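Listed here are the chains, written in short residue letters.
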Amino acid sequence: MSATMMKGSIPMEMKKVSISAKRQITIPKKFFAMLGFDTEAECMVRGNELIIRPAKTNTGGEFAEQILADLIEQGYSGKKLLQHFKQAQSQVRPAVEKMIGEAGRVAALESGYVSYEDVFGEEKI
């Protein structure tokens, strides 16, 4: 049986699930479809909550063109371009996750304002 509650102004659905002897749970079909799960999930602990959400598939690819253009402008090509591209691309997701975390803390009034430069550093001109 599922229940609908309110967390602030956001409706929240809840359903009690069983945990098998092997520590396995089944995600309710409605939640699975609603959240767009596929074959992988991410699990994280926040306070005393276990959060299970669809695995993120984007790896910073949305910034690939900008990263490449910047590296080419800096004069990189060939293997050096590939090396620097991989390094820059690997930094996108942690930076975005940091920015999202800070935004959550700002929204909860736990932190002050965070600027683009605070997260990504000074822009090189």
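Up top is the structure these notes are about.
Note that this is a predicted model, so its numbers are computed, not measured. (Residues numbered from 1 in each chain as written. Predicted model: local features only at pLDDT ≥ 70, side-chain atom pairs only at ≥ 80, totals over all residues. Heavy atoms only, no water.)

**Overview of the nonpolar core**
Piece 1. One finds Ala64, Ile67, Leu71, Leu81, Phe85 and Val92 forming the largest nonpolar core, which totals 6 residues.
Piece 2. If you list the elements that add at least two residues to this core, you get α2 (64-73) and α3 (78-90).
Piece 3. Top contributing element to this core by residue count: α2, with 3 residues.
Piece 4. Among all residues touching Phe85, those that are not within four sequence positions of it are Ala64, Ile67, Leu68 and Leu71. (Core = buried A, V, L, I, M, F, W, Y, C linked by side-chain atoms within 4.5 Å. Buried < 20%, exposed > 50% of the residue type's maximum accessible area, 1.4 Å probe, protein only. Helix = DSSP H or I, 4+ residues; strand = E, 2+ residues; numbered from the N terminus. Contact = heavy atoms within 4.5 Å.)

**Points about the pattern of salt bridges**
Piece 1. Counted by the stated rule, this structure contains 3 salt bridges.
Piece 2. Across the pair Glu13 and Lys30 runs a salt bridge, and its minimum N-O distance is 2.9 Å. One end of the pair, Glu13, is in strand β2 (residues 10-15); the other, Lys30, is in helix α1 (residues 29-35), with 17 residues separating them in the sequence.
Piece 3. Of the charged contacts in the structure, one is a salt bridge between Glu49 and Arg46, with a shortest N-O distance of 3.4 Å. (Salt bridge = Lys/Arg side-chain N within 4 Å of Asp/Glu carboxyl O.)

**Brief notes about the pairing of strand β3 (residues 41-46)**
Piece 1. Taken together, the 6 bridges between β3 and strand β4 (residues 49-54) define a ladder with antiparallel strand orientation. The residue bridging Glu42 from the neighbouring strand is Arg53, located in β4.
Piece 2. The antiparallel hairpin formed by β3 and β4 contains 2 residues in its connecting segment, where Gly47 sits at a positive phi of about 65°. (Pairing = 2+ DSSP bridges.)

**What about helix α4 (residues 92-107)?**
Quick reminder: α-helices carry 3.6 residues per turn. Residues three or four places apart thus point the same way.
Piece 1. For α4, which comprises 16 residues, the first-to-last C-alpha distance of 22 Å matches the rise-based estimate of 22 Å (1.5 Å per residue) to within 8%.
Piece 2. At the C-terminal side of α4, Leu109 shows a positive phi close to 60°. (Expected span 1.5 Å × (residues − 1).)

**Some words on the packing of α3 against α4**
Piece 1. Running from N to C, α3 and α4 cross one another at 20°; their axes reach a closest spacing of 4 Å. Taken together, α3 and α4 sit at an angle that is classed as roughly parallel. In contact with Ala88, Gln89 and Ser90 of α3, α4 contributes Val92, Arg93 and Pro94.
Piece 2. Its residues assigned to classes, the contact of α3 with α4 shows 3 nonpolar, 2 polar and 1 charged. (Axes fitted to C-alpha atoms, helices over the stretch in contact; angles between N-to-C directions. Parallel < 35°, antiparallel > 145°, perpendicular 65-115°, else oblique. Nonpolar A, V, L, I, M, F, W, Y, C, P; charged D, E, K, R; others polar.)

**What about the side chain of Glu42?**
Piece 1. Relative to the helices and strands, Glu42 is located in strand β3.
Piece 2. On the basis of relative accessible area, Glu42 is assigned to the buried category, the value being 16%.
Piece 3. With residues near it in sequence (within four places) discarded, Glu42 still touches Ile51, Ile52, Arg53, Pro54, Ala55, Lys56 and Arg93.

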